[in-house]
Amino acid sequence: MRRVCRLPPSEQIIGMNKNNALKNGLALVVFLNALSWNALAQEDLLLKDFEPVSIYNTPKTVVEKARYPVTDVHSHPYPVSPEEIESWVKTMDRANIEKTIILTYNTGKAFDSLSNLYSKYGDRFELWCGFDYTGYTDDGWGEKAVAELERCYRAGAKGVGELGDKGTGLYYSKPSVAKSMHIDDDRMKPLLKRCGELGMPVSIHVADPYWMYLPMDKHNDGLMNAYTWKIDTSKENLLLHQELLNTLENAVKEHPNTTFIACHLANCSHNLDILGSLLDRYPNLYTEIGARYAEIAPTPRRVKAFFEQYQDRLLYGTDMGMSSSMYQTTFRILESKDEHFYVREHFSYHWPLHGLDLGDEVLKKLYQENAKHIYD
Ligand SMILES: [Zn+2]
């Protein structure tokens, strides 16, 4: 048996004459060089450059349009011109998004001008305001902040958000942050109480995905993404993951007449039992799934069971821009049975994704019915 090297047939060294031998010899050198360069490149491949492509011949479902009408409860004022809003509305039409809630973070004139910009689209958009933390360390701040909340309410704000605390205090609202003041601070009580009286839900992001708190080493399961967003746990006075969830729990417990929406599954996609236990204890708490699709898709069976159990408390959100492919990706993950796929365009984890294959009743509630229950 004759052994041949794995060159393309035209370059195989079989039955060659003298001239061909020289020519093919050169080709072999080039080929071997290429081989060693490849080996080197593989050794030098950085984790951040790792972009696997699925080799599995499994269904690849394109879901252009959500199966049922949708209210997206987590978006932001991305468009910078009326033309961009027009185009967004067309994308929403194609995707079956009936309404988008825009969490503006804003108060004052900035809120008013956003409210004007979107007002011509009627029910397609709903705008939520922030809290004005300006002077939050001064006496009498609470009354002023409540007065501004009421003013925003009269100007059309239907809820408050997105508030945010990643450990150093409430920092998402504009124009100022509230360093070291957390959602369960006594100073926040008049505002949260008033939200309940006005029927304004409070949307709040606490903490971040769990692996961002863990050491950035070879064992970090979310490293590809966590490294970019890692939390500096050595920071003074920083509240950690569970401590932040405790602040949320305190506020939710203290204000049973105010509806709270924990953004991003309360950043508990690694351990949904934590979130489940909060939902069990506080009927005024809801949660939305925006920007946590890549975090739930690796464990489709656990997540599906959770979604079924808490189907009355879950809301659809995106928080990832306004492109058609973004919406389609969320629908594919929620609706399809697809297995082992990657969506590098939107997510940067190394792991493959899997569809949750949610049932019709759960989808209807998640997409819109629960939101209508809260907001209408
Ligand atoms: Zn957001």
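In case you missed it, the structure is sitting above this.
The paragraphs below set out a description of the structure included in this document. Not measured: the values here are computed from a predicted model.

Where a metal carries four tetrahedral donors, each ideal angle is 109.5 degrees; where it carries six octahedral donors, the ideal angles are 90 or 180 degrees. Coordination of the zinc ion by the protein comes from His74 (NE2), His76 (NE2), Glu162 (OE) and Asp319 (OD), over a distance range of 2.0 to 2.5 Å. One can describe the donor arrangement at the zinc ion as irregular, given that its four donor atoms subtend angles of 80 to 171° at the metal. One chain supplies every donor for the zinc ion, spaced along it as H-x1-H-x85-E-x156-D. Taken together, the residues His74 in strand E1 (residues 70–75) and Glu162 in strand E4 (residues 160–165) connect sequence positions 88 residues apart. You can call Glu162 buried: its relative accessible area is 1%.

A few words now on the pattern of salt bridges. A side chain with one charge may pair with a side chain of the opposite charge, provided their charged atoms come close. Summed over all chains, the structure comprises 22 salt bridges. Between Glu148 and Arg151 there is a salt bridge, with its nearest N and O atoms 3.0 Å apart. With Glu148 and Arg151 both in helix H4 (residues 141–154) and three residues apart, this pair spans about one turn of that helix. Judged by relative accessible area, Glu148 falls into the buried class, the value being 15%. Looking at Arg151, the relative accessible area reads 26%, which means it is partly exposed. Among the salt bridges present, the one from Glu249 reaches Arg281, with a minimum N-O distance of 2.6 Å.

The next subject is the pairing of strand E7 (residues 202–206). The buried fraction of E7 amounts to five of the five residues, a majority that puts the element mostly inside the structure. Of the two faces of E7, the one lined by Val202, Ile204 and Val206 and the one lined by Ser203 and His205 are each fully buried. Alignment of E4 against E7, held across four bridges, turns out to be parallel. Its bridge partner being in E7, Asp165 is matched across the sheet by Val206. Here E7 runs beside strand E8 (residues 260–262); their pairing, made up of three bridges, is parallel. Within the sheet, the bridge partner assigned to Ser203 lies in E8 and is Ile261.

Here strand E3 (residues 125–128) shows no split at all, with Phe125 and Leu127 on one side and Glu126 and Trp128 on the other all buried. Pairing analysis gives four bridges linking strand E2 (residues 97–103) to E3, with the strands arranged parallel. Following the sheet pairing, Thr100 is matched in E3 by Phe125. Note on the crossover from E2 through helix H3 (residues 108–119) to E3: the handedness is right-handed.

Evaluated as defined, the whole model comprises one cavity of 30 Å³ or more. Surrounding the largest cavity, Ala294, Tyr342, Val343, Arg344, Phe347, Ser348, Tyr349, Trp351 and Leu353 form its lining. Within the lining of the largest cavity, the residues separate by chemical class into seven nonpolar, one polar and one charged.

With respect to the helices, strands and loops of the structure, Glu335 is situated in helix H11 (residues 324–335). Expressed as a C-alpha distance, the spacing of Glu335 and Gly359, which sit 24 residues apart in the sequence, is 7.9 Å. With near-sequence residues (within four places) excluded, Glu335 lies in contact with Val63, Ala66, Arg67, Asp357, Leu358, Leu363 and Tyr367. In this structure the side chain of Glu335 is engaged in a polar contact, spanning 2.9 Å, whose partner is the backbone nitrogen of Arg67.

Our focus in this paragraph is the layout of surface pockets. Of the pockets and cavities examined, the largest pocket occupies roughly 450 Å³. Lining the largest pocket we find 22 residues, and of these Asn225, Trp229, Ala291, Arg292 and Glu295 sit closest to its centre. Of all the secondary structure elements, the ones that give two or more residues to the lining of the largest pocket are helix H6 (223–229) and helix H9 (293–296). Approximately 300 Å³ is the volume attributed to the second largest pocket. Looking at the second largest pocket, it is lined by 18 residues, and the ones nearest its centre are Phe125, Glu126, Leu127, Gly156 and Lys158. When contributions to the lining of the second largest pocket are tallied by element, the ones reaching two or more residues are H3, E3 and helix H12 (360–375). In the lining of the second largest pocket, the residues fall into nine nonpolar, five polar and four charged.

Parameters at a glance
Residues numbered from 1 in each chain as written. Predicted model: local features only at pLDDT ≥ 70, side-chain atom pairs only at ≥ 80, totals over all residues. Heavy atoms only, no water. Donors = N, O, S within 2.8 Å, 3.2 Å for Na, K, Ca; no water. Tetrahedral: all angles 85-135°; square planar, octahedral: opposite > 155°, others 65-115°. Helix = DSSP H or I, 4+ residues; strand = E, 2+ residues; numbered from the N terminus. Buried < 20%, exposed > 50% of the residue type's maximum accessible area, 1.4 Å probe, protein only. Salt bridge = Lys/Arg side-chain N within 4 Å of Asp/Glu carboxyl O. Pairing = 2+ DSSP bridges. Right-handed = clockwise from strand over helix to strand, strands pointing away. 1 Å grid on protein atoms, 1.4 Å probe; cavity = no way out; pocket = protein on both sides within 12 Å on 5 of 7 lines; lining within 4 Å. Points joined across faces, edges and corners; volume = space filled by probe spheres on them. Nonpolar A, V, L, I, M, F, W, Y, C, P; charged D, E, K, R; others polar. Contact = heavy atoms within 4.5 Å. Polar contact = N/O pair within 3.5 Å; in protein donor to acceptor, adjacent residues only side chain to side chain.

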